[in-house]
Every structure is written in C-alpha cells, then in structure tokens.
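Residue-level structural notes
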Amino acid sequence: MAESILVTGGAGYIGSHTVLQLLLSGFRVVVVDNLNNSAAVAIKRVSELAGEFGKNLAFQQIDLRDKAALNKLFDLTHFDAVIHFAGLKAVGESVQKPLLYYNNNLIGTISLLEVMAAHRCMKLVFSSSATVYGCPKEVPCREEFPLSALNPYGRTKIIIEEICRDIHCADSDWKIILLRYFNPVGAHSSGYIGDDPHGVPNNLMPFVQQVAVGRRPALTVYGNDYSTKDGTGVRDYIHVVDLADGHVSALKKLFEGSNIGCEAYNLGTGKGTTVLEMVAAFESVSGKKVPLVMAGRRPGDAEILYASTAKAEKELKWKAKYSIEEMCRDQWNWASKNPYGYGSPDSSD
Ligand code: NAD
Ligand code: UD1
C-alpha cells in the first residue's frame, strides 16, 4: 500500500510541483490549503499532469489554524508523513504586518504539530529558507552556520526550526527534515503549472516574466555596486522541479533511514548567478528584451548567497540537475502560455 502524505500549502508554487512529483513517485497525497495565495485550478492541473496517478490526489480547503478541521481530517485519514509548505512568504509585507506573519506561520505550524502529535504522525518535512543564514560571513553557506533573521518572515523560519529541534528533543519518535531552499525559479516543463504571485512580485524571476509579457514596463535592478563580477547581487537559483524532487528524496530518507533526528539540508545548486546574468539568460531563451532601471540596494539584501550542497548530496542522495538556461526556458514557457498566471487580465494588478 502506497504511503499517504499530507501536503500543507500544496496549491502554492513549490507545493504544486512537489505534489506532482510525489504522485508520479507513487505516493497518495492529500493537499490542505486555505487558497490565501493560490488557486484551486492548480490542483486540478496537477491531477491532470499526473495522468493515472491523479486519482491518488485529494484536496481540502482548510486553514491550518482551524485545529478542529485538521483534527477531523486526521481522524478520518491515516497519514504516514507531512510536508509543510503552508505559510506567508512576502518579506516586505512581514515587516509591515509582523503579527499577521507570526499568527499565520507560527500558530498554523503549532496547530499542525499538535494535531500530528495527537495522532502519532511523527514524520515531517518543513519548508525552511536560505534566509535563515541572514548575511553570512562567507559562502558557500553550510548547514552548521549560525542563524540570524533580517525580518519577521525570516524569524518565523528560525522559530519553526527551533520548535522542531525542541519537539524532537522531547520525543525522539519525531523524524524531521528541515529543507532550506535557495532561490526556486522556473516551472514544470509542460507550462501548465508555475508561480503565480498575487500583486506585484517581490522576487526577481516572477518580475522578469511579467516585464517580458508586457504587464510591467521594466525591471528595477536593486544595486549594481556590489563586489561581484557585474556589480549585481549573486544568488543560487534552483529549478522548482529539482526542488520538488528534493522533497521526494527527503521523504524516502524519512521512511528508509534510521537515526533521522531533526536535520537541516540546503537545497540549491551550489552555483552563484548575478541578476544581469539571469536577465541575459532569460532574454536569450525568450527572444524578449527586458528593459532595466538601475536603483539602489534593497534593504536587507545579502551581496552573495549560494549553498553548499554536500550534505544533501551525501545524506539525501539528491543533486540538482537543471541549468540556468533550462530554468529560464521553463519560466518563459509557463509565462507565455499563462501571461496572467491562473487568473485573467481582469483579476491581475
Ligand atoms: P506559495 O505562497 O505559493 O504557497 C504557500 C501556500 O500556503 C499557498 O497556497 C497559501 O494559500 C497556503 N497557506 C498560507 N497560509 C496558510 C494557512 N494558514 N493555512 C493553509 N494554507 C495556507 O509559496 P511557495 O513559494 O510555494 O512557498 C512554499 C513554502 O516555501 C513557504 O513556507 C515559503 O516560506 C517557503 N520558501 C519559499 C521560497 C520561494 O522563493 N518561493 C524560498 C524559501 C522558502
Ligand atoms: C528574497 C527574500 C528572502 C526569501 C527569498 C525567497 C528579501 C530581502 N529576501 O530573497 O527572504 O527567502 O526571496 O523567497 O526580500 N532583484 C532585483 N529586482 C527585483 C527583485 C530582485 O534586482 O525586482 C535582485 C535582488 O536584489 C537579489 C536577486 O534579484 O539580488 C534575487 O532577489 P529575490 O528573488 O527577491 O530573492 P532573494 O533576495 O534571494
């Protein structure tokens, strides 16, 4: 009998791609999402992409803070493990509305962990972020580096990591893998699912894509005076399908490994790319010109951030395989087929 996985936030960008890879790997999946930053049509498209495996996918519109609804779901369904994506993720908004972030991300997670513990479902994969490294003193970032938060969003990730370490300390039946994502970009090669942020995108590639389809006039480049090859910031961009596969590898470790404990792993490629290199790669695969406006540095931005991938390669037996060109190709394929994401021109801003 295939293992049954609860995926919180499974209608979102990374969640939807991961659910597809889980289905194709033979898992049964129940998605819980409040659709705060996503659309139910993403779940329908994942089911279609999964073909015959689509029948193994179910969706429940639940807010994680609704503990009674979560309890009921766990009473009715046995889950072998949980992948927990659900959370708010806009850094700027978290600075403006810290209580919204602490309420949603922390209370949502505590509610989930309490219900899991009550049902003795003790295997968890959690979506952490490279943001927990703050502005590191050196690169590549290794998992044992000190953690520091630059904003309330980042603080919720560090607090949830600490909660996970504490619950494992209190009860070693917990098996927890914390995945620290670097910069997920791209989309499934079908162009049928992808990133569809509500409002003005905060992240580089969703913004580039909206410029390319004519929804925004130009990309503002935040800083061209960094000590990098062209003066713009360096990040570790990773194809979202590689990231999704990293979750399948993490689950396999939870099911097959012993002495899992509560461990953090970087999911990145280990390679740094500048903003201008990313834009050039996107222009070359799309044939579209992306006008640029140079601006000052964005507060809280690190200069150079990329991952050490050694721990994930060794212990999760996972390695990213897609290139920057493939990330941009798939981002453009999604953008050109869905210029307004899952919505319509009227629903966008
Ligand atoms: P996303 O916004 O597309 O997906 C998150 C999903 O969670 C959404 O569908 C949203 O509706 C749902 N959600 C939020 N709060 C909820 C709640 N209280 N109850 C139920 N559902 C809720 O974001 P994403 O890019 O797919 O990110 C997924 C996770 O990965 C997040 O935890 C995010 O912080 C983390 N992460 C993302 C990135 C990135 O660049 N996208 C980088 C590092 C970490
Ligand atoms: C941002 C968040 C980080 C979060 C991550 C993934 C901030 C300060 N950090 O990181 O907490 O974990 O997203 O969601 O918001 N850039 C531009 N113009 C733009 C957008 C971005 O030049 O319009 C540049 C940035 O300065 C940076 C690079 O592009 O050098 C990547 O930016 P972004 O996609 O926002 O990711 P991070 O800064 O890594």
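Remember, it's a predicted structure, so these values are computed and weren't measured experimentally. (Residues numbered from 1 in each chain as written. Chains lettered and ligands numbered in written order. Predicted model: local features only at pLDDT ≥ 70, side-chain atom pairs only at ≥ 80, totals over all residues. Heavy atoms only, no water.)

**Details of the overall build of the chain**
Along the chain, the regular secondary structure elements total 11 helices and 13 strands. Projecting the C-alpha coordinates of the chain onto the three principal axes gives extents of approximately 55 × 45 × 40 Å. For the chain, buried positions account for 53% of its 349 residues. Considering only intrachain contacts with a sequence separation of at least 6, the fraction spanning at least 24 residues in the chain is 81%. Put simply, the chain shows about 14,800 Å² of open surface, and 51% of that area lies on carbon and sulfur atoms. Side chains of the chain give 36 positive and 38 negative charges; the mean places of these two sets differ by 1 Å. (Helix = DSSP H or I, 4+ residues; strand = E, 2+ residues; numbered from the N terminus. Buried < 20%, exposed > 50% of the residue type's maximum accessible area, 1.4 Å probe, protein only. Contact = heavy atoms within 4.5 Å. Areas by Shrake-Rupley, 256 points an atom, 1.4 Å probe, with all protein chains shown as cover. Lys, Arg positive; Asp, Glu negative; His and termini not counted. Charge placed at Lys NZ, Arg CZ, Asp CG, Glu CD.)

**What about the nonpolar core?**
With 44 residues, the main nonpolar core has Val7, Leu22, Val29, Leu179 and Leu251 as its most contacted residues. Top contributing element to this core by residue count: helix α8 (residues 240-256), with 7 residues. Among all residues touching Leu22, those that are not within four sequence positions of it are Ile5, Val7, Phe27, Val29, Ile83, Val248 and Leu251. (Core = buried A, V, L, I, M, F, W, Y, C linked by side-chain atoms within 4.5 Å.)

**Quick word on the pairing of strand β11 (residues 262-267)**
Most of β11 is tucked away: 5 of the 6 residues are buried. Judged from the 6 bridges that link them, strand β6 (residues 175-181) and β11 form a sheet pairing that is parallel. Counterpart to Ile177 in the pairing with β11 is Glu263. (Pairing = 2+ DSSP bridges.)

**Details of unusual backbone geometry**
A cis geometry characterises the amide bond from Val139 onward to Pro140, with omega recorded as 0 degrees. With respect to the element layout, Pro140 can be found in the loop between β5 (123-129) and α6 (152-170). In this model, Arg120 sits at a positive phi of 55 degrees, which is unusual for a non-glycine residue. Topologically, Arg120 is positioned in the loop between α5 (98-118) and β5.

**Examining the site of ligand 2**
Residues in close proximity to ligand 2 total 18 residues, the closest being Leu204, Thr220, Arg235, Arg298 and Asp301. Contacts to ligand 2 include Arg298, whose side-chain N or O atom sits 2.8 Å from an oxygen atom. The element that contributes the greatest number of residues to the shell around ligand 2 is strand β8 (residues 219-222), accounting for 4 residues. Classifying every residue of the shell around ligand 2 by side-chain character gives 8 nonpolar, 7 polar and 3 charged. (Near = heavy atom within 4 Å. Polar contact = N/O pair within 3.5 Å; in protein donor to acceptor, adjacent residues only side chain to side chain. Nonpolar A, V, L, I, M, F, W, Y, C, P; charged D, E, K, R; others polar.)

**What about α6?**
Given a rise of 1.5 Å per residue, 19 residues ought to cover 27 Å, and the 26 Å separating the end C-alpha atoms of α6 matches this to within 8%. Turning to α6, its buried residues are Pro152, Tyr153, Gly154, Thr156, Lys157, Ile158, Ile160, Glu161 and Cys164. Against the buried residues of α6 lie α4 (91-96), α5, β5, β6 and β11. (Expected span 1.5 Å × (residues − 1).)

**Comments concerning the sheet that holds strand β2 (residues 28-33)**
Spatial strand order, β3-β2-β1-β4-β5-β6-β11: 7 strands in an open sheet with parallel pairing. Looking at which strands have only one partner, the edges of the open sheet turn out to be β3 (57-61) and β11. In this sheet, adjacent strand axes meet at a mean angle of 20 degrees when their direction is disregarded. (Axes fitted to C-alpha atoms, helices over the stretch in contact; angles between N-to-C directions.)

**A closer look at the pattern of salt bridges**
Applying the stated criterion across every chain, the model contains 18 salt bridges. Residues Asp171 and Arg120 are paired through a salt bridge, measuring 3.2 Å at the closest nitrogen-oxygen approach. With Asp171 in the loop between α6 and β6 and Arg120 in the loop between α5 and β5, this pair connects stretches of sequence that are 51 residues apart. Taking the relative accessible area as the measure of exposure, Asp171 reaches 22% and is therefore partly exposed. (Salt bridge = Lys/Arg side-chain N within 4 Å of Asp/Glu carboxyl O.)

**Section: the confidence of the model for the chain**
The predicted coordinates of low-pLDDT regions are not to be read in fine detail. Averaged over the chain, the pLDDT score is 96; the fraction of residues at 70 or greater is 99%. Taken element by element, the predicted model of the chain shows its lowest mean pLDDT in α4 (94) and its highest in strand β1 (residues 4-8) (99). (pLDDT = per-residue confidence, 0-100.)

**Remarks on helix α11 (residues 324-337)**
The terminal C-alpha atoms of α11 lie 20 Å apart, and with 14 residues this matches the ideal 20 Å at 1.5 Å per residue to within 8%. Those residues of α11 that fall on the buried side of the exposure criterion are Ile324, Met327, Cys328, Asp330, Gln331, Trp332, Asn333, Trp334 and Ala335. Packed against the buried residues of α11 are α2 (40-49), β7 (183-185), α7 (204-212), β10 (237-239), β12 (273-274) and α9 (275-286).

**Section: the packing of aromatic side chains**
Counted by the stated rule, this structure contains 6 aromatic pairs. Relative to Phe145, the ring of Tyr133 has its centre 6.2 Å away and its plane inclined at 85 degrees; by these criteria the two rings are edge-to-face. Pair noted here: Tyr133 is in the loop between β5 and α6 and Phe145 is in the loop between β5 and α6, with a separation of 12 residues, a long-range link. The two residues Tyr133 and Phe145 agree in class, both being buried. Ring centres of Phe282 and Trp332 lie 5.9 Å apart, and the angle between their planes is 85 degrees; this geometry places the pair in the edge-to-face category. Of this pair, Phe282 sits in helix α9 while Trp332 sits in helix α11; the two residues are 50 residues apart in sequence, bridging distant segments of the chain. The exposure classification of Phe282 matches that of Trp332, with both residues buried. Members of the aromatic cluster, joined through ring pairs, are Tyr133, Phe145 and Phe182. When the ring centre of Tyr192 is taken as reference, the NZ or CZ atom of Arg45 above it lies at 4.8 Å. Just above the ring of Phe207 sits the side chain of Arg216; from NZ or CZ to the centre is 6.0 Å. (Phe/Tyr/Trp six-rings, centres within 6.5 Å; stacked < 30°, edge-to-face > 60°. Lys NZ or Arg CZ within 6 Å of the ring centre and 35° of its normal.)

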